[in-house]
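# Tertiary structure, described
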Amino acid sequence: MRVTWSILLAIVWIGIGMPGSVAAREVEPGWWSLALLDRDRTLWLATGDGRQREPVVKGLAISRVLWSPEGGRLVFSGVQDGIPVIGIVTTGAEPTTQIVGQGSEASWSGDGRWLAWRDEDSIVIATREGHVVRSVPVAARALAWSADGRWLAFQRATDASLDGPCPVMELGWIEVASGRVEIVDRVIGQIAWVGVAGIAERPRLVYAGGQDARLRWVDPASGASGVLWNGLIEACRMPLLVSGDGQWLGFVDAVGGGDDVILLNLVSGEARRIADVPVGYPGRHVPYPYVWLDPLARFLYVSRSFPTVVTRIDLVSGERVVAASDPGILVAISPEGERLAFVQNSPGKPPVLVVVEPATGRRETLERIGWAAWEPAAYQPVVFAAWRRTWEREDRPVAAGSVARSWTWGPQPLRVAIEPYVDAPGGRRAVLYWDKARMEVTELAADRGTRWYVTNGLLVRELITGAVQVGDALFEQREPAALPVAGDADDPAGPTYATFRALLDAPPLPVGAEIRWRLHRDGTVSDDGPGGVFAAVLVSETHHTVADVFWEFLQSQGLVWGETGAVEGKLFEPTFFATGFPITEPYWATVKVGGVVQDVLVQCFERRCLTYTPGNPPEWRVEMGNVGQHYLAWRYE
């Protein structure tokens, strides 16, 4: 099923848009998402388009800035009173700055929970707020965290190290929980972490071996190692690339001129060769943005200087187009590739930063700015791993044919997206739509061991009220959804989500009462329903009564997928995790299902609408409505 998950996500990537360019959002988020350094090495924060900006750190001669993977904060290296220091900036409505220690070369963990930096001959490990956890005595450089934040890899000089563009270094790691240090091999060039079969919690370190420049891997948990690509790679000149979903690893093949990019699918083992890519830079090392992989592996940007020509390669169709051209150096690419930043340097003049939108050709010029970096995408490997675990629990046994029951999420994801949410770090979060729901990860650095790390949105409440939630207490109002809650999309008579709006405050049915209410599309309620079902439980939180067939469904036991495989357990745990609390009473409705008009019992909860169709086979009588499908159509189409 691991391969199936990858294939399903691949379908999503193809389906969510393959335009010639990714367009910038029409309405810019009102948060800081772009970091800038000016000629005086003052750190600025700016909106994504660079049009609004303000200085946040002055007088520290900032030399390096790195965004946290979760967004909302960044770490910088600077000099204070002649001493190298590490500082953290948080980027809320009123940005804050604090110096957290002495050192340089800071690095964030892939889950945003940890921070590390070099302090002379030691590595300091701290929380994301900068509180020091331990100092590990190891003279290291080139720090690289595993996606799950459990391991910190490093390189350090060896007796065999030679001055030059590509020295042989020792490769090792620190086990964060214990502080244990282990040297594992010798390496040349860059290093990166991937997950076994794309799973972030099963990390492997990949690198070019110091003996033969072949792409190798080593597993820190087991000590196992091997060759991932039996060919020479350009690890010194070119970066190693890992997609945001953790499923693709990219690198440049050193054979045949060093201008072929190889993309390895870490789940299926597929290797794709992108031949003769136009990449080049007049220096020993090609800067990271010059070979840039879209977080969802939809396209590749490759660049050649000078002048700098950026080519966009569509990884589905293979089409190549020039995305932008500028006389400056490409220094940054925005999270989803919708903007590019170039720095133009002229003798005797301050630097100029030019922000280009390939889709529109719009250009924004920022005087005296010599460096830029956008907040990273909310797509991170730990997010995709958490989504996979959440789906697998209820629906992996269904997909495998091990049980006969209705879907909790759906057979395959429909769309992955980054949506605005002002109370998430960085003001945005990654979401994944299914037939039945939307999965969300609002805080990357939260505890992944809890059931609530992945939430599923209150989509039904939004569809009924028309209030789109874009923050904990912030909503955008639109018309309620005039889409059928149950049955076929062209059903002419059954209730829509908008029908339920006037019924949210309807008094509850008494427990034990037979349900005969019938709801019509115009909102009228008659008492000629077929009955045979009864009000079972009054939920005090919302003051609505759950029908007995739905309550029995919510209490059902069955085969679920856990860490050790398929086990018997409660299907919904906690009870209202998937559905939320009821927000309407149960009503009979006359709806068209598969072209046949029939009686269906419908009750809407905060996150799902449940239906009961007496004529269905027993295992399919209670189903969850296609709320995810309906919400996508209402909000985006």
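This structure is a prediction, so every number in the text was calculated from the model and none was measured.

Ordered in space as β3-β2-β1-β31, the four strands form an open sheet in which the pairing is antiparallel. Two strands close off the open sheet at either side, each with one partner strand: β3 (53-57) and β31 (369-374). Looking at each pair of strands side by side, their axes are set apart by 30° on average, direction ignored. Relative to β3, strand β2 (residues 43-46) is paired through four bridges, and the arrangement is antiparallel. Of the residues in β3, the one forming a bridge with Ala46 is Arg53.

According to the stated counting rule, one finds 42 salt bridges in the structure shown. In this structure, Arg339 engages Glu357 in a salt bridge whose closest nitrogen and oxygen atoms are separated by 3.1 Å. Here Arg339, found in the loop between β27 (329-333) and β28 (340-344), pairs with Glu357, found in the loop between β29 (352-356) and β30 (363-367); they are 18 residues apart in sequence, far enough to count as distant. Accessibility expressed as a relative area gives 4% for Arg339, which makes it buried. The exposure class of Glu357 is buried, given its relative accessible area of 5%.

Counted by the stated rule, this structure contains two disulfides. Linked covalently through their sulfurs, Cys166 and Cys236 form a disulfide whose S-S length is 1.4 Å. Of this pair, Cys166 sits in the loop between β13 (151-157) and β14 (169-175) while Cys236 sits in the loop between β18 (225-232) and β19 (241-242), and the two are 70 residues apart along the sequence. The exposure class assigned to Cys236 is buried, which follows from its relative accessible area of 16%. Each sulfur in the disulfide pair Cys604 and Cys609 lies 2.3 Å from the other. Handedness here is read from the sign of the S-S torsion; for Cys604 and Cys609, about 100°, the answer is right-handed.

So, about the packing of aromatic side chains. Enumeration according to the criterion identifies 19 aromatic pairs in this entry. The interplanar angle of 75° and the centroid separation of 5.2 Å between the aromatic rings of Tyr281 and Tyr290 together place this pair among those described as edge-to-face. Taking relative accessible area as the criterion, Tyr290 reaches 0% and is therefore assigned buried. Judged by centre distance (6.1 Å) and plane angle (50°), the ring pair of Trp551 and Phe576 falls under tilted. Residue Trp551 is located in helix α4 (residues 548-554), and its partner Phe576 is located in the loop between β43 (565-570) and β44 (587-593); the two are separated by 25 residues in the primary sequence. Under the relative-accessibility criterion, Trp551 is labelled partly exposed at 24%. Assessed through its relative accessible area of 16%, Phe576 is described here as buried. One aromatic cluster is present, built from ring pairs that chain together Tyr281, Tyr290 and Phe306. The ring centre of Tyr636 lies 4.4 Å from the NZ or CZ of Arg415, which sits over that ring. The cationic tip of Arg429 hangs over the ring face of Tyr421; the distance from NZ or CZ to the ring centre is 3.9 Å.

Cut-offs applied
Residues numbered from 1 in each chain as written. Predicted model: local features only at pLDDT ≥ 70, side-chain atom pairs only at ≥ 80, totals over all residues. Heavy atoms only, no water. Pairing = 2+ DSSP bridges. Helix = DSSP H or I, 4+ residues; strand = E, 2+ residues; numbered from the N terminus. Axes fitted to C-alpha atoms, helices over the stretch in contact; angles between N-to-C directions. Salt bridge = Lys/Arg side-chain N within 4 Å of Asp/Glu carboxyl O. Buried < 20%, exposed > 50% of the residue type's maximum accessible area, 1.4 Å probe, protein only. Disulfide = S-S within 2.5 Å. Phe/Tyr/Trp six-rings, centres within 6.5 Å; stacked < 30°, edge-to-face > 60°. Lys NZ or Arg CZ within 6 Å of the ring centre and 35° of its normal.

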